[in-house]
Structures are given as structure tokens and as C-alpha cells.
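# Residue-level structural notes
Given next are the chains, with one letter for each unit.
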Amino acid sequence: MTKILAIETSCDDTCAAVLDGESVLASVISSQTDLHAKWGGVVPDIAKRAHQSRIKAVIATALVRSKITNNQIPISKQISKEERVEKIIEEGMKEIEIIGVTKGPGLAIALGVGVNKAKELALKYDKKLVAVNHIEGHLLSNWTKNSKGKPENEIELPALGLTVSGGHTKLVLIKAIGNYEVVGETLDDAGGEALDKAAKLMGLGYPGGPVIERLAQGGDVNFLKLPHPLEHQDTLDYSFSGLKTSFYYQIKEWSQEKVGKNLKNLSASFQEAVFETLIIKYKKAIKIYKPKSLVCSGGVMANLELRKKLRKMAKGFELPIYMPKMKYLNTDNAAMIGTVTYFKAKRGEFVENIAELDRDPRLKL
Ligand code: KG4
Ligand code: ZN
């Protein structure tokens, strides 16, 4: 089958994956969380430099782990680590037929690193190139299969997708693979971003989502009265900045000690307000578009409480719901970019002029 190399550098994870058709043989993620944590968020220039210094090794590691080539270059004193990495890529590229890369949306200078590397490899080794939309990657992460071809989901279409991450919150009608309609999206902050900002206000670390999830366990969800923005408007759009502002004003006069003592309750009530807001609009959209299945994705879907709520909601509608089982498929990764590459390649959607391919930080679905 077609061997694919996929590259993803749209934010703060340097990622590469190798696929055999639909099946992911290897997926490597080099997270930069530690580099950005002390700044309380992703710093584009730091991300760019980290992508640049890691990208080759990440690609080489994915190629080695995929075992698509027998030529495992031995570690020897004769060649430097860099030469070894180059050699592994050279050998691996003999087996690869198609390269897929995230073109956007994302941080411009971060995207540029992946796009340039993909172009360089495609031109040097004469490979076909597929440009991938990062959001389509998240949406199709429920179609991603492991090396054994699992899960064997037959996801019925049209499906209504909800993808929530640090950069995006979107409700998307998936009419067919490759045919999407965005029916709702955030007008300001993304769901994950709201969690990250609330965590920052409480003096917690970055990224905030997982910290809030842990603290929220056993906390009182009704501790603070928080709004569900745009709840009563007809729109399917989201707005999370007002929620964050309301949270801020309610705790702004509090001493550090008081915040510290109430971290569990604060986390539980903020998280609950974000998740309820997500679900209110999802329910509205389901009633309007009557999909045959539900697919959820994005970093925030790693949250067990949200997964539980969504499953309950789906049960109410008697609809099948899919969320990536493997944790790494929820947050940024190149396996999902490889999945999109696979489908686009099947439709013959290759980049025509490789040398002219450019990143697109605001790429629309
Ligand atoms: O998909 P992702 O890795 O990157 C973007 O494309 O943005 O998502 C990262 C976001 C962050 O906002 C992070 O706080 C959130 O996903 N996140 C979580 C959890 N794990 C990551 N939010 C809630 N609960 C989690 N367990
Ligand atoms: Zn993402």
C-alpha cells in the first residue's frame, strides 16, 4: 500500500508520522510544553526555533519506528548524529510515496518549518505532496487507524463533528470525507484557550486544561455562577471570552490564599460552564442537522468529564458517538494529518506546484 510521511508543526508540537495506507505505523510527537510553560502560553518564536532544531530527528525517529526500511543505520563513531539522521531520512524516503504536511491554520512561523521541510523532501526525493488543513486533521482523527487497522469504525455520514482545542472550537457537518460545512465556531477564544486562561488567573500551570481537569474532580460545579454565552441566541457560534471575564471579575478581589483554598471548586465550576456551553450548541446543531453520527476531537476531548457528558448527550439522541480512544490522537499529532493525506491522495488532490506551496495561517476548512 501507499506509504505516507506526514508532518505537523502548526503550534507547539513537532510531529511526524508514517502510514501504510490508512494504518499508522509510527507517530512521533516532540512536545515543547516545557519550553512555553514559564511564559504561560505558546511563544511563536520559541516554537519556530524548537521545530527547526527537532524536525529532522522527529522525522527520522518516525521512519525508524515504522520499520518500513530494514536499513537501520548503526550508531557508530564514524558518523555524527546529524549525519546518521540524514542517512535514515535518505533511506526511509526510498520507501515513502507521498508526503503530507499541515499548511494551516496555525502559527505562521511554526507552520513554515513543516511546510519548508515537506517541500524540501518532496523536491529532493521526487515525491507527491499533499497540503492538509489542521482542522480537517482533528475532524478525521476518528478515522485514524493503528497498524492493525483498528478501530474498524464504520462512521455513518453525515456526521456532526465537534472539535475543541487550544486554537479552535468548531461544529462541522461532515457530509462526506472532504466535504464539510462549518455550522458554528467560536467568535473569540477557543474552548481550550478559555481553560488555559482561567488556569492562568488561578496561578496554575500551562496548559491549563489537564490541570483544571484534575482539580475539578470532587469540586462543586455550582460554586460560582457563570454564564453560558450565547445560550439563548439562535446562532450555533460560541463565545468564551465573556465566560473568562465573568470568572475574572468574581475572583479578582480575592486574596491568593482564598483562591488557593478554593481551587477545586473554582476549577469545577469553570470547567462545567465551558462544557455545558459546548453541549448546549451541539444539541441545537444536532436538532437542526439531524446527523447519523457524532465525532468529537481536539485537545480538550482528552478530558474524561467532557467525554462522559458527550456520551450521555449522544445516548439521549440515540446516536453513535466517536472520540479518539488513544490520548495522543486528541491533541496535536501527525497521524491525523496522515489520515487526511491518505483520503486526499485517494482523490488525487496533490499540490501542483510544490516549489510554490506556502503556509496559510488562516486557512479555512
Ligand atoms: O489540539 P491541541 O493539542 O492543540 C491545538 O490545536 O490547540 O489542544 C491543546 C488544548 C489546550 O488548550 C489544553 O489545555 C487542552 O487542549 N487540553 C485539555 C486536556 N488536555 C489538553 N483540556 C481539558 N482537559 C484535558 N485533559
Ligand atoms: Zn490542534
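Residues numbered from 1 in each chain as written. Chains lettered and ligands numbered in written order. Predicted model: local features only at pLDDT ≥ 70, side-chain atom pairs only at ≥ 80, totals over all residues. Heavy atoms only, no water.

## A few points about unusual backbone geometry
A negative phi holds for most residues other than glycine; trans holds for most peptide bonds. For clarity, the threshold we go by: Each helix is a run of DSSP H or I of at least 4 residues and each strand a run of E of at least 2, with the numbering of both proceeding from the N terminus. Only protein chains enter the accessibility calculation, which uses a 1.4 Å probe; a residue is then buried when its area is under 20% of its type maximum, exposed when over 50%, and partly exposed in between.
Each neighbour pair has its own omega, and for Lys-150 with Pro-151 the value is -5°, a cis peptide bond. Its location among the elements puts Pro-151 in the loop between helix H5 (134-139) and strand E6 (159-164). In this structure, Pro-158 follows Leu-157 across a cis peptide bond, with omega equal to 0°. Looking at the element boundaries, Pro-158 is found in the loop between H5 and E6. Even without a glycine there, the phi angle at Asp-126 is positive, about 55°. Residue Asp-126 is classed as exposed on the basis of its relative accessible area, which comes to 70%.

## Brief notes about the coordination of the zinc ion (ligand 2)
Cut-off, in case you're wondering: Think of the donor list as every N, O and S atom within 2.8 Å of the metal, or within 3.2 Å for Na, K and Ca; water never makes the list, so a site can look incomplete. A four-donor site is classed as tetrahedral when every donor-metal-donor angle falls between 85 and 135 degrees; four donors are called square planar, and six octahedral, when trans pairs exceed 155 degrees and all remaining angles lie between 65 and 115, with any other arrangement labelled irregular.
All of the protein donors around the zinc ion (ligand 2) are His-134 (NE2), His-138 (NE2) and Asp-332 (OD); their distances to the metal are 2.0 to 2.1 Å. Around the zinc ion (ligand 2) sit 4 donor atoms; with metal-centred angles ranging over 94 to 142°, the donor geometry is irregular. Sequence positions of the donors to the zinc ion (ligand 2) reduce to the motif H-x3-H-x193-D. Here His-134 and its partner His-138 are both found in helix H5, 4 residues apart, which amounts to about one turn of the helix. As far as the burial class goes, His-134 and His-138 line up, both buried.

## A few points about helix H6 (residues 191-201)
Stated formally: Here, residues are in contact when the closest pair of their heavy atoms is within 4.5 Å.
For H6, the complete set of buried residues consists of Gly-191, Gly-192, Ala-194, Leu-195, Asp-196, Ala-198 and Ala-199. Where the residues of H6 are buried, they touch E6, strand E7 (169-176), helix H7 (208-216), helix H8 (241-251) and helix H10 (263-289). Looking at the residues trailing H6, positive phi occurs at Gly-203, about 75°.

## Things to note about the side chain of Thr-102
Quick note on the threshold: As used in this structure description, the phrase polar contact means that two N or O atoms lie within 3.5 Å; if the pair is within protein, one of them must be able to donate a hydrogen and the other to accept it, and residues adjacent in sequence are counted only when both atoms belong to side chains.
By secondary structure assignment, the location of Thr-102 is in strand E4 (residues 98-104). You can call Thr-102 buried: its relative accessible area is 1%. Of the polar contacts made by the side chain of Thr-102, one reaches the side chain of Glu-8; its length is 2.7 Å. When neighbours within four sequence positions are excluded, Thr-102 is seen to be in contact with Ile-7, Glu-8, Ser-10, Leu-111, Val-115, Val-132, His-134 and Ile-337.

## Notes on the domain arrangement of the protein
Filter applied, for reference: Note that domain bounds follow an automatic or database assignment of domains. Buried area: the sum, over both parts, of the accessible surface (1.4 Å probe) that disappears when the two are put together. A pair is scored as a salt bridge if a Lys or Arg side-chain nitrogen falls within 4 Å of a carboxyl oxygen belonging to Asp or Glu.
Assigned domains within the protein: domain 1 (3-150 + 329-356) and domain 2 (159-324). Computed from C-alpha atoms alone, the centre-to-centre distance between domain 1 and domain 2 is 29 Å. Between domain 1 and domain 2, the residue contacts involve 22 residues of the former and 24 residues of the latter. When domain 1 packs against domain 2, close to 1800 Å² is buried across both sides, 68% of that on carbon and sulfur atoms. At the boundary of domain 1 with domain 2, the tally comes to 0 salt bridges. Counting across the domain 1 and domain 2 interface gives 7 residue pairs in polar contact (both at pLDDT 80 or more).

## Let's talk about the nonpolar core
Put simply, the rule reads: Nine residue types can take part in a nonpolar core, namely buried Ala, Val, Leu, Ile, Met, Phe, Trp, Tyr and Cys, and a core is a set of them joined through side-chain atoms within 4.5 Å.
Ranked by internal contacts, the top residues of the largest apolar core, which has 47 residues, are Phe-247, Phe-270, Val-274, Tyr-282, Leu-294 and Leu-310. Taken together, the elements giving at least two residues each to this core come down to E6, E7, H6, H7, H8, H10, strand E9 (293-297) and helix H11 (304-317). Counting residues per element, this core draws most heavily on H10, at 11 residues. Among all residues touching Leu-310, those that are not within four sequence positions of it are Leu-162, Ile-279, Tyr-282, Cys-296, Met-301, Ile-321 and Met-323. Residues Ala-16, Leu-63, Val-85 and Val-351 belong to the second largest nonpolar core, which totals 30 residues.

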